[in-house]
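# Structural description and commentary
Letter by letter, the chains look like this.
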Amino acid sequence: AQTVTQSQPEMSVQEAETVTLSCTYDTSENNYYLFWYKQPPSRQMILVIRQEAYKQQNATENRFSVNFQKAAKSFSLKISDSQLGDTAMYFCAFKTNYGGSQGNLIFGKGTKLSVKP
Amino acid sequence: EAQVTQNPRYLITVTGKKLTVTCSQNMNHEYMSWYRQDPGLGLRQIYYSMNVEVTDKGDVPEGYKVSRKEKRNFPLILESPSPNQTSLYFCASRRQGIFEKLFFGSGTQLSVL
């Protein structure tokens, strides 16, 4: 079974600094997709960034970037120039179309990030 | 505006009283899904549907029912709610492609007393 592990339940960072959130996953599949979702206090789930496993290049979206290490099954999220609005719960998620999972999204338990002024 | 609409946003009920949480999407998405979110457990899938009249169990289906009679609607039914079903519930939808973005509703906070 595929699993997603976020080892940091809570983190904090000073405004304008950089923070990295960790995510590891376990799968025997070679073709899959990885995502980071943000959940601010409003509870809305917002897609931050996504990565296709067959792509070598790490995905980037403005201040958000990932460090995808396929051999290590690691998918960390780097937030540069942290802003107060980045305060949220962050979920790492995994998806594959194989192994009977039908393309369902499997989530980690989340990392609560606090950006301090 | 493209969206997934869940109702109600908040619901307090008592053990055993049947309830339905509605979910509707206006994007003509084939795939729809229900998740529950609990502190320290992340989001866990309850049920999903690949298309009309096609539904299947997720990781935590016990105590829930769903139906998909129309493409746009995917209600979640709790026939006899229990306190362990107190949770934050999300409905989500997407197009069929594996890399397609999942659109989430705003969530329903359910408390079962």
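Data block above holds the structure.
Cut-offs applied
- Residues numbered from 1 in each chain as written.
- Chains lettered and ligands numbered in written order.
- Predicted model: local features only at pLDDT ≥ 70, side-chain atom pairs only at ≥ 80, totals over all residues.
- Heavy atoms only, no water.
- Patch = residues over 30% accessible without salt bridge, like charges linked within 9 Å, V, L, I, M, F, W, Y side chains within 5 Å.
- Areas by Shrake-Rupley, 256 points an atom, 1.4 Å probe, with all protein chains shown as cover.
- Salt bridge = Lys/Arg side-chain N within 4 Å of Asp/Glu carboxyl O.
- Helix = DSSP H or I, 4+ residues; strand = E, 2+ residues; numbered from the N terminus.
- Buried < 20%, exposed > 50% of the residue type's maximum accessible area, 1.4 Å probe, protein only.
- Pairing = 2+ DSSP bridges.
- Contact = heavy atoms within 4.5 Å.

### Focus on a nonpolar patch on the surface
Taken together, Ile12, Val14 and Leu113 of chain B make up a surface patch of nonpolar side chains, about 330 Å² in accessible area. Among the structural elements, Val14 of chain B can be located in the loop between strand S2 (10–13) and strand S3 (19–25).

### Re the pattern of salt bridges
Residues and elements named next belong to chain B. Under the counting rule described, the total for this entry stands at nine salt bridges over all chains. Notably, a salt bridge pairs Glu79 with Lys65, separated by 2.9 Å at the nearest N-O pair. Separated by 14 residues along the polypeptide, Glu79 in the loop between strand S8 (76–78) and strand S9 (87–94) and Lys65 in strand S7 (residues 65–66) bring together distant segments of the chain. By relative accessible area, which is 40% here, Lys65 ends up partly exposed.

### Here we look at the sheet that holds S3 of chain B
Strand order in this open sheet of four strands is S1-S3-S8-S7 (chain B), and the pairing throughout is antiparallel. Of all the strands in the sheet, just strand S1 (4–7) and S7 of chain B have a single pairing partner and so form its edges.

### Focus on the pairing of strand S11 (residues 108–112) of chain B
Residue and element names in this part refer to chain B. Only one face of S11 is covered, namely the one carrying Thr108, Leu110 and Val112; the face carrying Gln109 and Ser111 has none of its residues buried. Here S2 runs beside S11; their pairing, made up of four bridges, is parallel. By the bridge assignment, Thr13 is partnered in S11 with Val112. Taken together, the three bridges between S9 and S11 define a ladder with antiparallel strand orientation. The partner of Leu88 across the bridge, within S11, is Gln109.

### Side note on the environment of Ala59 of chain A
Residue and element names in this part refer to chain A. Residue placement: Ala59 occurs in the loop between strand S6 (46–52) and strand S7 (60–61). Here Ala59 falls in the buried class, since its relative accessible area comes to 18%. Setting aside chain neighbours within four positions, we find Ala59 in contact with Ile49, Arg50, Gln51, Phe64, Ser65 and Val66.

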